[in-house]
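In case you want the letters, here they are:
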Amino acid sequence: MARKKANSIRRTTGKGGNYRKTKSGAGMTKKGVAAYRRANPGSKLKTAVTGKVKKGSKAAKRRKSYCARSLGQLKRSSAKTRNNPNSRIRQARRRWKC
């Protein structure tokens, strides 16, 4: 009979984590994106566009697209999340400069 591994808690933040804490802007870390791309060959996942970008550039278009999608998420979320300035979606939008 095979022994089962101890039920370890899977962490998404902290050491070895793939996601940023809410206070640091939510979203995936560079390490997390790399791990995702290894697990999903052919993936085009990228990290957030946080810097200054030229108008009309690929990065600017990615930002505009993300901001539009995340606004829809924000509108569909509960009033508690929508009105909380420290919610994950709000922090992520702030990090993307939406």
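Scoring rules and cut-offs
- Residues numbered from 1 in each chain as written.
- Predicted model: local features only at pLDDT ≥ 70, side-chain atom pairs only at ≥ 80, totals over all residues.
- Heavy atoms only, no water.
- Helix = DSSP H or I, 4+ residues; strand = E, 2+ residues; numbered from the N terminus.
- Contact = heavy atoms within 4.5 Å.
- Buried < 20%, exposed > 50% of the residue type's maximum accessible area, 1.4 Å probe, protein only.
- Core = buried A, V, L, I, M, F, W, Y, C linked by side-chain atoms within 4.5 Å.
- Disulfide = S-S within 2.5 Å.
- Axes fitted to C-alpha atoms, helices over the stretch in contact; angles between N-to-C directions.
- Parallel < 35°, antiparallel > 145°, perpendicular 65-115°, else oblique.
- Left-handed = near helix turned anticlockwise from the far one by under 90°.
- Nonpolar A, V, L, I, M, F, W, Y, C, P; charged D, E, K, R; others polar.

Its location among the elements puts Gln-91 in helix H4 (residues 88–95). Beyond its immediate sequence surroundings of up to four residues, Gln-91 is in contact with Thr-22, Gly-25, Ala-26, Pro-85 and Asn-86.

Looking now at H4. Of all the residues in H4, the buried ones are Ile-89, Gln-91, Ala-92, Arg-93 and Arg-95. Contacts from the buried residues of H4 go to helix H2 (58–76) and helix H3 (79–83). Just downstream of H4, Lys-97 is the residue with a positive phi angle, here 65°.

The next thing to look at is the nonpolar core. Ala-26, Ala-48, Val-49, Tyr-66, Leu-74, Ile-89, Ala-92 and Trp-96 together form the largest nonpolar core, which totals 8 residues. Those elements that place two or more of their residues in this core are H2 and H4. Those residues in contact with Ala-26 that lie beyond four places of it in its chain are Arg-20, Lys-21, Arg-88, Gln-91, Ala-92 and Arg-95.

Looking now at the state of the cysteines. Scanning the model with the defined rule gives 1 disulfide in all. At a sulfur-sulfur separation of 2.0 Å, the disulfide partner of Cys-67 is Cys-98. The sign of the S-S torsion, about -85°, decides the handedness of the disulfide formed by Cys-67 and Cys-98: left-handed. Here the residue Cys-67 occupies a position in helix H2, and Cys-98 occupies one in the segment after H4, the gap between them amounting to 31 residues.

The next subject is the packing of H2 against H4. Contact geometry of H2 with H4 gives a least axis separation of 10 Å together with a crossing angle of 160°. For the element pair H2 / H4, the angle class is roughly antiparallel. Considering how the two elements wind past one another, H2 and H4 form a crossing that is left-handed. Here H2 contributes Tyr-66, Cys-67, Ser-70, Leu-71, Gln-73 and Leu-74 to the contact with H4, which in turn contributes Ile-89, Arg-90, Ala-92 and Arg-93. Residues belonging to the contact of H2 with H4 are distributed by class as follows: 6 nonpolar, 2 polar and 2 charged.

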